[in-house]
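What follows is the residue order along each chain.
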Amino acid sequence: MRISLNWLQELVDVSISPEELAETLTMAGFEVEDIEDRRPWASGVVLGKIIACEQHPNADKLRVCQVDVGYSEALNIVCGAPNARADIYVPVAVVGTFLPTIDLKIKPAKLRGVPSEGMICSLAELGLAKESAGIHIFELENPELGSDIRPLLGLDDVILDLTATANRADALSMVGVAREVAALTGASLRIPEANGVVIEGKESPGLAVEISEPQGCPIYIGTAIEGVKIADSPAWLQQRLQAAGVRPINNVVDVTNYILLEWGQPLHAFDRDRLQSFTGTQDISIGVRFAASGESFKTLDGQNRKLQAQNLLITASDKPVALAGVMGGEDTEVHEDTQNLVLEAAIFDQATIRRSARAQGLRSEASIRYERGVNQAALTTACNRAVALILEWAGGTATVQKMASSGDDLSFSRSLELRLDRVHLVLGQLKRGQTGRSKYLEPEEVKNILTALGCEVVATEKIGVLAITVPPYRYRDLEREIDLIEEVARLHGYDNFCDTLPSKTEPGYLSPEYAAIRNVRSAFRAAGLTELMHYSLVKTEGDNQVVLANPLFVEYSALRTEMLSGLIDAFQYNLEQGNGALNGFEVGRIFWKEEGGQDAHPTINGKQDAHPTMKEADAVAGIIGGDPTVWKWQQSGRDRPLTWFEAKGVLESVFQELGLSVEYQSDSSHTRLHPGRTAALSLNGQHLGVFGQLHPQLQQEKGLPEQVYVFQLDLAVLLGGLGRCSNSTRKFAGYSSFPPSDRDIAFFAPVEVPVVEMQSAMKKAAGSVLDSVELFDEYRGDNVPAGQRSLAFRLIYRADRTLNESDVEPVQQKVRDILVEKFGVSLRS
């Protein structure tokens, strides 16, 4: 909230500088984000009167003005404003004045041959508007030429941009901030009151108020005012609204905004004649209810809004006229010809207004305050003060005032007990400079602090226990004993307490699971992948998604069921920005719905299955693509597509670093991946995930390089493999000092038989003497039977002695036999 110090000075005596006040408020929990000192904006600008205005002899769009600023002689000033004329009062920047808003120092000059001794200013040049059509013209009764114009424009002010915590709804008002400043500084407080408000008590025209949703609206006050005259507000009021960031509209609407800022109580004024025309009846019945299905109405911002069941409405004869606590309706707004009003002052439930505003994607100054909690005890005061100001500035007569309430206890009073020993235990010792005083806060100090906050403090029969009566304006905030202790610490100053550590401390450590996740992240980074992070919220695109009941935006209305979409979009975005291929990975969580009691874990196809049970799991996904070479001079500057085996090698290096043995099986079930270049991964017999090349059609749609590869792994399965004893601790194995014996074997094998199955069979048949088996050649084409391929493997045999032919040949024969028997291969060697 923007706090005007001039306005604040009327409510509380502030004797410290703006910087000191900002520091005091920040240390008390109200962060001051900016100090806008307006005083230098127009330093040196004075009030002048144009006594003569003639056309410039050498320029059609310039005028030569004689301006009286109280000097012995009038100033000759060349002005280009179209509204410059004689006998008007204007702001004049004399020679030597610096205007920081436009970074200009006024110097004597000649414009088209005519000397100019200053500048007549517009509001834009003084920092009060973004654009101005011409110079500013004052409407003054007793002008003093040569006087400082800053008080006339509100530029003798300092604005503090203050942010209050969510629990301090009272700080969203000038009165609330003034109370806080008085408590912090000990200054005297002056709360504005509504005096002299008289309700005439006419019965006609009729006004009735009925509440059908007492939980959503516990109190509603409607006041009828007749015979008002719509006009501009006083200049000082407009300046205060502008300083707070509110645009002045007219005297009635400005009063409601003024009370909003002063008391934190939202108000709304209806045009009574428009209400009668809208409802078709002279007797107006104001109601509060939730919206029905299919209802809609147009709000003040000109949008026709489709209402939802959680929208609380203000109705006239059961027709919607306002979105309760959020925004009024366009059909009943106050306009320049308005003569009769109905002024609304109400209390609405916090949660109800929050749901209603979010359902429409609409937040206003009113809804922000209702969501945090409005001071119910000040409702009548704020309403009557608004009525008094409308009668003062717009004329008219207050004829009828009707109030409806839920009938619940509206005393807004709460009593709490505060134990002094509990205060000492929570807050600890003080940094006392004097000797002989207690190391802890004394009872009188605690009492003075709470009294300054507006609490009533009384000693009880219990020793060391105080009875605290919370003031109505802190009713929603001070609910427990610990809240009172926090207030004592806040006002006394957190920096005045000693820094202490717990008597027994234990060194921190990482849990085994988190340490394992760290190792996984480190392994992927070591493989050259950049760690990415995406929101878990995505658009609603399928039945299998977990959809949010109350999303902030349409783009974030559901939880992701897979992680590859975000990685593909990130890859595409980096290419479009000229950053090249993005090889990255992400560790995150996915969410889905379970079907029929079975684990319907989503695949990267995005297939959607509906079931009310929600599930979630952690996953690690990545994307690899682009030219892996750094220098391309050997390729004549052209990109070389990443091959499937190179991409697989990146993933294999991660598994090798983690000490995992992962198996690959051909898989063509994923519609977004290439059917012939996709593998299902398994670890220790469990499904780990999928790895493959993006489908060429998807690659073309996204404008990606020729070959891009993705993977998504189940993090729980991956961590389970890391948790095995053989993987958790690396053991050193010495190298054999005896030479190996190698044999090659070549054969024709059916294309559909995976290499991994043949390797596994060979290892099992050869036993422990077989050290390794690797595929080193594959051929398809001439002289190879149809439906088959030629494969060549190299088998390395090793033992704790030197192997001879009689040791190796029988084992090699077992390998040949198992290949023929199990896979039907045709041996070539």
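1. Some remarks on the overall build of the protein
A count of helical and extended segments in the protein gives 21 helices and 40 strands. Since a compact globule built from 829 residues should have a radius of gyration of about 28 Å, the 39 Å found for the protein marks it as more spread out than a globular shape. Projecting the C-alpha coordinates of the protein onto the three principal axes gives extents of approximately 120 × 90 × 75 Å. Buried residues in the protein amount to 45% of all 829 residues.

2. Brief notes about the nonpolar core
Formed by 93 residues in total, the largest nonpolar core has its most connected members in Leu8, Leu160, Tyr220, Ile259, Ile314, Phe348 and Ile390. Top element by residues in this core is helix 10 (residues 379–394). It accounts for 9 residues. Look past the residues within four positions of Ile259 in its chain and what remains in contact with it is Gly264, Gln265, Leu267, Ala382, Arg385, Ala386 and Leu389. With 33 residues, the next largest nonpolar core counts Val587, Leu683, Leu719 and Leu722 among its residues.

3. Thoughts on a nonpolar patch on the surface
A contiguous nonpolar patch, built from Tyr535, Leu537, Leu552, Phe553 and Tyr556 and spanning about 550 Å² of accessible area, is present on the exposed surface. Locating Tyr556 in the fold gives a position in the loop between strand 29 (546–547) and strand 30 (558–559). The class for Tyr556 is partly exposed, based on a relative accessible area of 32%.

4. Let's talk about the sheet that holds strand 21 (residues 327–328)
One open sheet holds the 5 strands; their spatial order is 13-16-19-20-21, and the pairing between them is mixed. Edge strands, defined here as strands with exactly one partner in the open sheet, are strand 13 (207–211) and strand 21. As paired strands, strand 13 and strand 16 (residues 284–290) are joined by 5 bridges and run parallel to one another. By the bridge assignment, Glu210 is partnered in strand 16 with Gly287. Taken strand by strand, helix 7 (residues 272–279) contacts strand 13, strand 16, strand 19 (312–316) and strand 20 (319–323), and its axis lies near 140° from that of strand 20.

5. A few points about the confidence of the model for the protein
In this model, the protein carries an average pLDDT of 89, and 94% of its residues clear a pLDDT of 70 or more. Here residues 606–611 is a poorly scored stretch, pLDDT under 50, and it has 16 contacts once near neighbours within four places are set aside; other chains count.

6. Things to note about unusual backbone geometry
Unlike most non-glycine residues, Asp103 shows phi in positive territory, near 55°. Examined against the element boundaries, Asp103 turns out to sit in the loop between strand 7 (98–99) and strand 8 (104–105). Phi at Asn783 is positive, roughly 65°, even though this residue is not glycine. Within the secondary structure, Asn783 sits in the loop between strand 38 (770–779) and strand 39 (788–797).

7. Some remarks on the pairing of strand 31 (residues 584–594)
Taking burial as the measure, the 11 residues of strand 31 include 10 buried ones, the bulk of the element. As paired elements, strand 27 (residues 530–531) and strand 31 share 2 bridges and run parallel to each other. From the neighbouring strand, Glu531 faces strand 31, where its bridge partner is Phe585. Alignment of strand 31 against strand 32 (residues 613–625), held across 11 bridges, turns out to be antiparallel. Paired with Phe591 across the bridge in strand 32 is Glu616.

8. Quick notes on helix 6 (residues 251–263)
Between the first and last C-alpha of helix 6 there are 18 Å, a value that for 13 residues agrees with the 18 Å anticipated at 1.5 Å per step. Counting buried residues in helix 6 gives 13 out of 13 residues, a clear majority hidden from the surface. A distance of 3.2 Å separates the backbone nitrogen of Val252 from a side-chain oxygen at the start of helix 6, and that oxygen is part of Asn250. Gly264 sits one or two residues past helix 6 and shows a positive phi near 75°.

9. Section: the side chain of Glu586
Considering the arrangement of structural elements, one finds Glu586 in strand 31. The class for Glu586 is buried, based on a relative accessible area of 2%. Looking at Glu586, its side chain comes within polar contact range of the side chain of His534, at 2.9 Å. When near neighbours in sequence (up to four residues on either side) are disregarded, Glu586 contacts Leu532, Met533, His534, Arg560, Met563, Leu567, Ala619, Val620 and Ala621.

10. A word on the packing of helix 8 (residues 350–360) against helix 9 (residues 365–372)
Taken N-terminus to C-terminus, the directions of helix 8 and helix 9 make an angle of 140°; their axes are 7 Å apart at the nearest point. The angle between the axes of helix 8 and helix 9 places the two elements in the oblique class. Between helix 8 and helix 9 lies a crossing of left-handed hand. Contacts between helix 8 and helix 9 involve Gln350, Ile353, Arg354 and Ala357 on the former and, on the latter, Ser367, Tyr370, Glu371 and Arg372. A per-class count over the contact of helix 8 with helix 9 returns 3 nonpolar, 2 polar and 3 charged.

11. Details of the sheet that holds strand 30
Within the open sheet, the 3 strands sit side by side as 28-30-29. Their pairing is antiparallel. With partners counted over all chains shown, the strands left at the sheet margins are strand 28 (537–538) and strand 29, one partner each. In terms of strand pairing, strand 28 meets strand 30 through 2 bridges, oriented antiparallel. Bridge pairing in strand 30 links Val538 to Ala558.

12. Looking at the environment of Ile221
Tracing the backbone shows Ile221 in strand 14 (residues 219–226). Each C-alpha atom, one on Ile221 and one on Ala208, is 10.0 Å from the other, the two residues being 13 residues apart in sequence.

13. Quick word on helix 12 (residues 443–452)
Along an α-helix, residues three or four positions apart point the same way, because every turn accommodates 3.6 residues. If you check which residues of helix 12 are buried, you get Glu445, Val446, Ile449 and Leu450. End-on view of helix 12: buried residues confined to an arc of 125°, all on one side of the axis. The elements touched by buried residues of helix 12 are strand 24 (414–419), helix 11 (420–427), strand 25 (456–459), strand 26 (465–470) and helix 13 (481–492). Where helix 12 terminates, the next one or two residues include Gly454, which has phi positive at roughly 100°.

Conventions and cut-offs
- Residues numbered from 1 in each chain as written.
- Predicted model: local features only at pLDDT ≥ 70, side-chain atom pairs only at ≥ 80, totals over all residues.
- Heavy atoms only, no water.
- Helix = DSSP H or I, 4+ residues; strand = E, 2+ residues; numbered from the N terminus.
- Rg over C-alpha atoms; globule rule 2.2 N^0.38 Å.
- Buried < 20%, exposed > 50% of the residue type's maximum accessible area, 1.4 Å probe, protein only.
- Core = buried A, V, L, I, M, F, W, Y, C linked by side-chain atoms within 4.5 Å.
- Contact = heavy atoms within 4.5 Å.
- Patch = residues over 30% accessible without salt bridge, like charges linked within 9 Å, V, L, I, M, F, W, Y side chains within 5 Å.
- Areas by Shrake-Rupley, 256 points an atom, 1.4 Å probe, with all protein chains shown as cover.
- Salt bridge = Lys/Arg side-chain N within 4 Å of Asp/Glu carboxyl O.
- Pairing = 2+ DSSP bridges.
- Axes fitted to C-alpha atoms, helices over the stretch in contact; angles between N-to-C directions.
- pLDDT = per-residue confidence, 0-100.
- Expected span 1.5 Å × (residues − 1).
- Polar contact = N/O pair within 3.5 Å; in protein donor to acceptor, adjacent residues only side chain to side chain.
- Parallel < 35°, antiparallel > 145°, perpendicular 65-115°, else oblique.
- Left-handed = near helix turned anticlockwise from the far one by under 90°.
- Nonpolar A, V, L, I, M, F, W, Y, C, P; charged D, E, K, R; others polar.
- Arc of directions from axis to C-beta.

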